[in-house]
Amino acid sequence: MTDFVQAGEIRVAFEREGQGPALVLMHGAEATRGMFAALVPHLSKHFTVISYDQRDCGDTEGPERVATLADLAGDAHQFIKALGLKRAHVFGSSFGGRVAQALALLHPRSIDHLVLASTWPLPRPYEELCPEARRLAELRHGLPGTADELATWFFPEAYLQQRPELRRVFANARPESARSRRRTATVATALDNGVADIVAPTLVLAGELDRVVPAAVTLAMAGRIHGADAVLLPAIGHVAAMQAPEVLAHHLIRFLKPEGAKA
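Residues numbered from 1 in each chain as written. Predicted model: local features only at pLDDT ≥ 70, side-chain atom pairs only at ≥ 80, totals over all residues. Heavy atoms only, no water.

A.B. asks: Break down the overall build of the chain for me, citing the residues and quoting the values.
C.D. replies: From N to C terminus, the chain includes 12 helices and eight strands. Its C-alpha atoms give the chain principal-axis dimensions of roughly 45 × 40 × 35 Å. The burial tally for the chain puts 52% of its 263 residues in the buried class. A separation threshold of at least 6 residues defines the contact pool for the chain, and within that pool the share at least 24 residues apart is 71%. Accessible area of the chain: about 12000 Å², with a carbon and sulfur share of 52%. Averaging the coordinates of the 28 positive side-chain charges in the chain and doing the same for the 29 negative ones gives two points 3 Å apart. (Helix = DSSP H or I, 4+ residues; strand = E, 2+ residues; numbered from the N terminus. Buried < 20%, exposed > 50% of the residue type's maximum accessible area, 1.4 Å probe, protein only. Contact = heavy atoms within 4.5 Å. Areas by Shrake-Rupley, 256 points an atom, 1.4 Å probe, with all protein chains shown as cover. Lys, Arg positive; Asp, Glu negative; His and termini not counted. Charge placed at Lys NZ, Arg CZ, Asp CG, Glu CD.)

This is the structure we're talking about:
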């Protein structure tokens, strides 16, 4: 069920399910909270799971201007406060991992434990770290004709053969709009701070077959965050929350609530 709460200058659409410590889920650049639909049931036995739509995504409403990564971190900070929470565990996937990093750096008291999945480190830009960034941009601009190839960047081919309907997710992408252009500009912003300044206990997860953000890029972050743990997810691509929600949930529960890992 969709709820709404005012968080600063935006009206945030979110869903909340389960009981236990609060766990906030942050979606990727072109996604919405819907990307976590298969993951939430595996987590809600252990946590109060909160998924929300960022600015210019899904059902969230906000000013019609380009936001920065710092704005999104501020939104998350205000959102956590608006829910009556002092702090929460935070999981960020892909660009959501960048938002989570920014929250950890700018509003560290908002975060209990931090999990970063299939993402790339601040302050460096995506194009600098991912050598095939240009080709990915070409595929996105070529939709819907490039949908089949683009799907293989997010999901392994073997998985797409089992779930061919996922190719249509890309073929049915919405046409470019003022909102999507603002979102693209937001994704390109960064912070001056780097991941070495993160103080929250952190787990870094990477899909072995991720083509969008190579696993080596993500896993290298663990070496720069004090005390961080790192896990490589075998045979998984960029969107573990959709491809392997049970596997992802296992690692989240193990890290965030060790005593519940066998429950």
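A.B. asks: An account of unusual backbone geometry is needed here, citing residue identities and associated values.
C.D. replies: Following Leu122, the chain continues to Pro123 via a peptide bond in cis, the omega torsion being 0°. In this fold, Pro123 is placed in the loop between β6 (111-117) and α4 (126-129). With an omega of 5°, the peptide bond running from Leu143 to Pro144 counts as cis. Positionally, Pro144 belongs in the loop between α5 (133-141) and α6 (147-154). One non-glycine residue, Asp56, adopts positive backbone phi at about 60°. Locating Asp56 in the fold gives a position in the loop between β4 (48-52) and α2 (69-82).

A.B. asks: Describe the sheet that holds strand β7 (residues 202-207), listing the residues and the values that go with them.
C.D. replies: Pairing in this open sheet of eight strands is mixed, and the strands run β1-β2-β4-β3-β5-β6-β7-β8 from one edge to the other. Unpaired on one side and paired on the other, β1 (3-7) and β8 (229-233) mark the two borders of the sheet. Adjacent strand axes in the sheet meet at a mean angle of 25° when their direction is disregarded. Note that strand β2 (residues 10-17) and β4 share four bridges and pair antiparallel. Considered in β4, the bridge of Glu15 is made with Ser51. Contacts from α2 reach β1, β2, β3 (22-26), β4 and β5 (88-93), with the element oriented near 115° to β1. (Pairing = 2+ DSSP bridges. Axes fitted to C-alpha atoms, helices over the stretch in contact; angles between N-to-C directions.)

A.B. asks: So what about the pairing of β7? Which residues, and what values?
C.D. replies: Burial runs high along β7: six of the six residues are buried. Of the two faces of β7, the one lined by Thr202, Val204 and Ala206 and the one lined by Leu203, Leu205 and Gly207 are each fully buried.

A.B. asks: I'd love a proper account of the packing of α2 against helix α3 (residues 95-106), names of residues and values included.
C.D. replies: Between α2 and α3, whose axes approach to 8 Å, the crossing angle comes to 75°. Taken together, the axis directions place α2 and α3 in an arrangement best described as roughly perpendicular. Here α2 contributes Leu69, Ala70, Leu72, Ala73, Ala76, His77 and Ile80 to the contact with α3, which in turn contributes Phe95, Arg98, Val99, Ala102, Leu103 and Leu106. A breakdown of the residues in the contact of α2 with α3 according to their chemical character gives 11 nonpolar, one polar and one charged. (Parallel < 35°, antiparallel > 145°, perpendicular 65-115°, else oblique. Nonpolar A, V, L, I, M, F, W, Y, C, P; charged D, E, K, R; others polar.)

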